[in-house]
Amino acid sequence: MSGSDPSKEEFWRWQEYHRIVPDIKWSSKDVITAGVDVGSVGSKAAVMVNGKAYSWGITRTGANSPESANKALDYALKDTGLKVSDLKFIVGTGYGRVNVPMANKAITEIACHAKGANYIWGPSVRTVLDVGGQDIKAIKIDETGRVVSFLMNDKCAAGTGRGMEVFADLLQIPIEDIGEISLTVEKEPEPVSCTCVAFAKTEAMGLLRKGWSKEKVLAAYTRAMAVRMANLINRVGLERELVVTGGQSKNRGIVSRIETILGVKCLPMPNWREDGLDPMVAGALGAALIGKALYEKAQKT
Amino acid sequence: MITCGMDLGTQRVKAVILKDGKVVGRAQGFSGFDPTKAAEKAVSDALKEANLTLSDVKHFSATGSAVDMAPYANSTVSMMGADAKAGVFLVPAARTIIDVGAEEARALKCDEKGIMVDFVVNERCAAGAGAFIEAMSRALEVKLEEMGPLSLKAERASPINASCVIFGESDVVSLIHRQESKPEIARAVFDAMADRVSSMIHRLGVNPEVVLVGGVAKDVGFVASLNRKLGLSVVIPEYPDYVGALGAALTAASRAAKEAQ
């Protein structure tokens, strides 16, 4: 990006990637299933072999949901040798789940995130905070990953992935760095009182003009967003262990502030950059697992 | 007796000069980064219209979100108090007053003397205020003042996420790619705003006459959606954007009269 016009840089743009877990071999006898999670911002697909994560792909959602679903699944299947026809069962989930053309069934993302969180972190998880592109959900689950209750904050961009993208652009900080950068302030500022992302566009400029550093502005907004998320968790009833899924699970600025506000530690984030599972694909992993169960049930009858 | 009311809003500063119960001057300008200066300019323009000077003004009263930055002010009045006072002054039968401004919407209940009885405010969310129309007009690439007339051409509202400016903006972009009708999108914007405002009024109880004031009252698209939603015709006074400033000028007049006694 060096030498390009900084105003044209897309600070909101996050990295698309795909991964294959080594050492897993598949044959046509295996139960191979997939989950496709078409979110408002990101489309994720995961492939499981006998209920074990095998490969996944994360792409940006375009204007067309079916296309985004196809793109995500193709990305997850890339270099695996698998074809869509090798998949025994495909579950569509997420905001665009009814528009997943190859899916055998559509399941709500709440059930899928619950199941996915249980898969990634194990049976001790009781509360899942899923921060998606356009909504925030606090989900209570049991030891099998089944949903007990949930609360959702929708119809407001404050705290969502989309809201964070707007901040990244506004402050001209790459989105993947905003979490760490928000933590570089010496003293945590008071959270901003107005969380409306639309107003932030003018208010943040006012704070910068008053002499606040970018880091301080970002910290004040991140804090306000974390307060909203913590409130949602408290309303659903916090029970340990707590985990965060969705794109914002990668935002240390958000997660660590939620931990401070609630006074509990979240279960540690898998090392998704190296070889760990990615909490952003929790919904797709859960969908693939539910797909396996549905396939096996259908085989029995 | 000559008094002046100033309304320092988030987007515009308005000034009204009142002489013996009659408006003799009014002016407005953008608040910008220096609302004090903007208010001084609006007052001076309004005085010019009235052929008066600063020294003729007996009492200045200020209201609005930037009330702390008002010049000349002898006193201040709450935004709700100013709306109630001026609303009943202009429309004596007014019992519910809705004020939709650039960044805030308010609804209040008042008595026949123009005293506020109860109120509801929608603040800190752009979706219920004028900022929403502005953001959407930018996304639609339509001039702000054309949004209203455009929306009136639609038979139905387009299915957009019209409850948040940020989501609405992204929705509009993808709808434009799909060549959805701009009038229907504009209608969805006004319908969503009308939903928010009418739910505020229902919390107060609908007491006719319902008077709509504030800058957004000048938007025919919003008025049509609100009337449809409420199932009645709201009354819009002439110069609805000056109602806050007028309320301040009226307050100034009664305070000056009290001081004179």
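Residues numbered from 1 in each chain as written. Chains lettered and ligands numbered in written order. Predicted model: local features only at pLDDT ≥ 70, side-chain atom pairs only at ≥ 80, totals over all residues.

A. Highlighting the overall build of chain B. A count of helices and strands for chain B gives eight helices and nine strands. Its C-alpha atoms give chain B principal-axis dimensions of roughly 65 × 35 × 25 Å. Here chain B, with 261 residues, has 55% of them falling under the buried criterion. Long-range contacts, defined here as pairs at least 24 residues apart, represent 69% of the contacts in chain B between residues at least 6 apart. (Helix = DSSP H or I, 4+ residues; strand = E, 2+ residues; numbered from the N terminus. Buried ≥ 20, exposed ≤ 12 C-beta atoms within 10 Å, placed from the backbone. Contact = placed C-beta atoms within 7 Å.)

B. Representation of the nonpolar core. Core analysis: the biggest nonpolar cluster contains 182 residues, and A:Val36, A:Ala46, B:Met6, B:Phe132 and B:Val189 have the highest contact counts within it. Top element by residues in this core is helix α6 (residues 214–236) of chain A. It accounts for eleven residues. Once residues within four sequence positions are removed from consideration, B:Val189 is found in contact with B:Phe132, B:Ile133, B:Met136 and B:Ala162. (Core = buried A, V, L, I, M, F, W, Y, C linked by C-beta atoms within 7 Å.)

C. Fine view of the pairing of strand β4 (residues 52–60) of chain A. All names here are of chain A. In terms of burial, β4 is largely enclosed, as seven of its nine residues are buried. Bridge analysis of strand β1 (residues 17–20) against β4 gives four bridges, and the strand direction is antiparallel. Following the sheet pairing, isoleucine 20 is matched in β4 by serine 55. Looking at chain direction, strand β3 (residues 42–49) and β4 are connected through eight bridges and run antiparallel. (Pairing = 2+ DSSP bridges.)

D. Representation of unusual backbone geometry in the model. The step from A:Arg240 to A:Glu241 runs through a cis peptide bond, and the omega angle for that step is 5°. Tracing the backbone shows A:Glu241 in the loop between α6 and β10 (242–245). Along the chain, B:Pro208 connects to B:Glu209 via a cis peptide bond; the corresponding omega equals -5°. Looking at where B:Glu209 falls in the secondary structure, it is placed in the loop between α6 (182–204) and β9 (210–213). Even without a glycine there, the phi angle at A:Asp79 is positive, about 65°. Residue placement: A:Asp79 occurs in the loop between α1 (65–77) and β5 (89–93).

E. Representation of the interface of chain A and chain B within the structure. Each partner contributes to the interface: chain A provides 13 residues, whereas chain B provides 14 residues. Elements that contribute at least two residues to the side of chain A that touches chain B include exactly α3 (161–171) and α5 (197–209) of chain A.

F. Here's a closer look at helix α4 (residues 144–151) of chain B. All names here are of chain B. For α4, every residue scored as buried is listed here: Met147, Gly148, Leu150 and Ser151. Projected onto a plane normal to the axis of α4, the buried residues spread over an arc of 165° and lie on a single side. Close packing links the buried residues of α4 with α3 (130–140), α6 and α7 (220–230). (Arc of directions from axis to C-beta.)

G. Quick peek at the packing of α3(B) against helix α5 (residues 165–177) of chain B. Residues and elements named next belong to chain B. Close contact between α3 and α5 brings their axes to 9 Å; oriented N to C, the two are set at 20°. Between α3 and α5, the angle falls in the class roughly parallel. When the axes of α3 and α5 are compared, the crossing they make is right-handed. Contact with α3, carried on its side by Ala131, Phe132, Ala135, Met136, Ala139 and Leu140, involves Val165, Gly168, Glu169, Val172 and Val173 of α5 and no other residues of that element. (Axes fitted to C-alpha atoms, helices over the stretch in contact; angles between N-to-C directions. Parallel < 35°, antiparallel > 145°, perpendicular 65-115°, else oblique. Left-handed = near helix turned anticlockwise from the far one by under 90°.)

H. Region of interest: the domain arrangement of chain A. Residue and element names in this part refer to chain A. In terms of domains, chain A is made up of domain 1 (6–122 + 277–300) and domain 2 (127–262). In this assembly, 21 residues from domain 1 lie in contact with 30 residues from domain 2. Examining the composition of the side of domain 1 that touches domain 2, we find that nine residues originate from one element, helix α2 (residues 109–121), more than from any other. Of the residues assigned to the side of domain 1 that touches domain 2, the class counts are 13 nonpolar, seven polar and one charged. (Domains from an automatic or database assignment. Nonpolar A, V, L, I, M, F, W, Y, C, P; charged D, E, K, R; others polar.)

I. Expanded view of the domain arrangement of chain B. Residue and element names in this part refer to chain B. If you check the domain split of chain B, you get domain 1 (1–91 + 239–261) and domain 2 (92–236). Relative to domain 2, the C-alpha centre of domain 1 lies at a distance of 26 Å. If one sorts the elements of the side of domain 1 that touches domain 2 by residue count, helix α2 (residues 79–90) sits on top with nine residues. Each residue belonging to the side of domain 1 that touches domain 2 can be placed in one class, and the counts come to eight nonpolar, five polar and four charged.

J. Broad picture of the sheet that holds strand β6 (residues 96–100) of chain B. Residue and element names in this part refer to chain B. Strands sit in the order β8-β7-β6-β9 across an open sheet of four strands; the sheet is mixed. A strand with exactly one partner marks an edge of an open sheet, and here the two such strands are β8 (116–122) and β9. Pairs of neighbouring strands in the sheet enclose a mean axial angle of 15°, with direction left out of account.

K. Focus on the confidence of the model for chain B. Residue and element names in this part refer to chain B. Averaged over every residue, the pLDDT of chain B is 93; the share at 70 or more is 100%. Put simply, α5 is where chain B has its lowest mean pLDDT, 81, and strand β4 (residues 59–63) is where it has its highest, 98. Across the predicted assembly, pTM comes out at 0.80 and ipTM at 0.76. (pLDDT = per-residue confidence, 0-100.)

L. Fine view of α7(B). For α7(B), every residue scored as buried is listed here: B:Gly221, B:Phe222, B:Val223, B:Ser225, B:Leu226 and B:Leu230. Positive backbone phi, approximately 70°, marks B:Gly231, located one or two places after α7(B).

M. Expanded view of the pairing of strand β1 (residues 2–8) of chain B. All names here are of chain B. Counted residue by residue, β1 has seven buried out of seven residues, so it is predominantly covered. Burial along β1 is two-sided: the residues Ile2, Cys4, Met6 and Leu8 and Thr3, Gly5 and Asp7 are all buried. Pairing of β1 with strand β2 (residues 12–19), which is carried by seven bridges, proceeds in the antiparallel orientation. What sits directly across from glycine 5, in β2, is valine 16. Joining the antiparallel neighbours β1 and β2 is a turn of three residues. Note: β1 against β4, five bridges, orientation parallel. Each bridged residue has a counterpart across the sheet, and for glycine 5 the counterpart in β4 is serine 61.

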